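Survey of secondary and tertiary structure
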Amino acid sequence: MDDLKLADDSTTGRILHSDVALLRQTIRGELVVPNDPGYDQARRVWNGMVDKRPAVVIYCAGSDDVITAVNFARARNLLVAVRAGGHNVAGSSVCDGGVVIDVSRMKSIEVDPVRRIARAQAGLNLGEFDTATQSHGLATTMGVNADTGIAGLTLGAGFGKLGRKYGLTCDNLLAAEIVTAGAVAIFETSGLERAVRDMHAAVKHVAMSPHSYIIAGRLRLRLDPGTMQF
Ligand SMILES: Cc1cc2nc3c(=O)[nH]c(=O)nc-3n(C[C@H](O)[C@H](O)[C@H](O)COP(=O)(O)OP(=O)(O)OC[C@H]3O[C@@H](n4cnc5c(N)ncnc54)[C@H](O)[C@@H]3O)c2cc1C
């Protein structure tokens, strides 16, 4: 069976067409490979100067697909990029020759107005998140651009107009469902301090593994009374 075209980096693995066929049957989401009609759209990120050509883009439908994608990449020693809103200016959420694990179609959100908590999947963008929380008169610190992803923004700290009152977005992160290269860790915590401690433990664990990345599938964020930010 032929290999799919991969980067020339000999340290990365190979993907066979038969692997892709099997993966297509396994995941609930969508798989896009070079020569598929949607390939150019699937490799695009916010910065139009970024021109990378992944071997496979996996649009995950849920955390189960994220786990399948991680296992697929790990078993073949493939380069991985993780994408949510695609706003990283350097293009770090897409890669040449490897696997893009795209969570942007994972968009469910539950708002608990009594406990002032949002449980949001990592594919939501800021506009979608705000629309859901604002219907309850609630908000948390988010950035100024509606189509930035909540996942990349939160993991990179996150600043916005409510920041002076409520802190950075990451200060309001209560819990996260995280897929590592080795396992799924769901941190259901009752306080910010505990969440931060668990998160640090996970990152330390992941840093020691040969595939040192984590993928957030769902975030639990603290909400406060607030008005539309943009
Ligand atoms: C027009 C514009 C306006 C901006 N305004 C603001 C602002 O007001 N405030 C602010 O704080 N920032 C702002 N930013 C910066 C932005 O928050 C960061 O670039 C952020 O990382 C983008 O997140 P994303 O999910 O959209 O991007 P992506 O490119 O998809 O992801 C960014 C990074 O996070 C990683 N990542 C994405 N999803 C996951 C996941 N589920 N699990 C693990 N890793 C993941 C990616 O691999 C990548 O390295 C802005 C950027 C742009 C382009």
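Residues numbered from 1 in each chain as written. Predicted model: local features only at pLDDT ≥ 70, side-chain atom pairs only at ≥ 80, totals over all residues.

**Re the site of the ligand**
Stated precisely, the cut-off is as follows: Any residue whose C-beta atom, as set from the backbone, lies within 6 Å of a molecule or strand is reported as near that molecule or strand. Only runs of H or I of at least four residues qualify as helices and only runs of E of at least two qualify as strands under DSSP, and these elements are numbered from the N terminus. Classification convention: Asp, Glu, Lys, Arg as charged; Ala, Val, Leu, Ile, Met, Phe, Trp, Tyr, Cys, Pro as nonpolar; all other residues, Gly among them, as polar. Source of the domain bounds: an automatic or database domain assignment.
Near the ligand you find 30 residues, and of these Gly85, Asn88, Gly143, Gly149 and Gly152 are the closest. Counting only elements with at least two residues in the shell around the ligand, the list comes to strand S3 (80–83), helix H5 (150–155) and strand S10 (214–222). At four residues, H5 tops the list of elements feeding residues into the shell around the ligand. Tallied by class, the residues present in the shell around the ligand amount to 15 nonpolar, 14 polar and one charged. Looking at the shell around the ligand, you find at least three residues from each of domain 1 (17–102) and domain 2 (109–225).

**Details of the nonpolar core**
Note the threshold: A set of buried Ala, Val, Leu, Ile, Met, Phe, Trp, Tyr and Cys residues, joined to one another through C-beta atoms within 7 Å, is what we call a nonpolar core. Residues with at least 20 other C-beta atoms within 10 Å of their own are called buried, those with 12 or fewer are called exposed, and the rest are partly exposed. The C-beta atoms themselves are positioned from the backbone. We call two residues in contact when the distance between their C-beta atoms, placed using the backbone, is within 7 Å.
In terms of nonpolar packing, the biggest core is built from 56 residues, with Ile58, Ala69, Val99, Ile101, Ile215, Ala216 and Leu219 touching the most fellow members. A per-element tally of this core places strand S8 (residues 173–180) first, with six residues. Sequence-distant contacts of Ala216, that is, excluding residues within four places in its chain, are made with Ala122, Ala151, Leu155, Ala176 and Ile178.

**Concerning the sheet that holds S3**
Selection criterion: By definition, two strands form a pair when at least two bridges between them are found by DSSP. The angle between two axes is taken between their N-to-C directions and runs from 0 to 180 degrees, where each axis is a line fitted to C-alpha atoms and a helix contributes only its stretch in contact.
Spatially, four strands are ordered S1-S2-S4-S3 in an open sheet, and the strand pairing comes out mixed. Lying at the two open borders of the sheet, with one neighbouring strand each, are strand S1 (30–32) and S3. Adjacent strand axes in the sheet meet at a mean angle of 20° when their direction is disregarded. Lying on the sheet, helix H3 (residues 63–75) is in contact with strand S2 (56–59), S3 and strand S4 (99–102); it crosses S4 at an angle near 170°.

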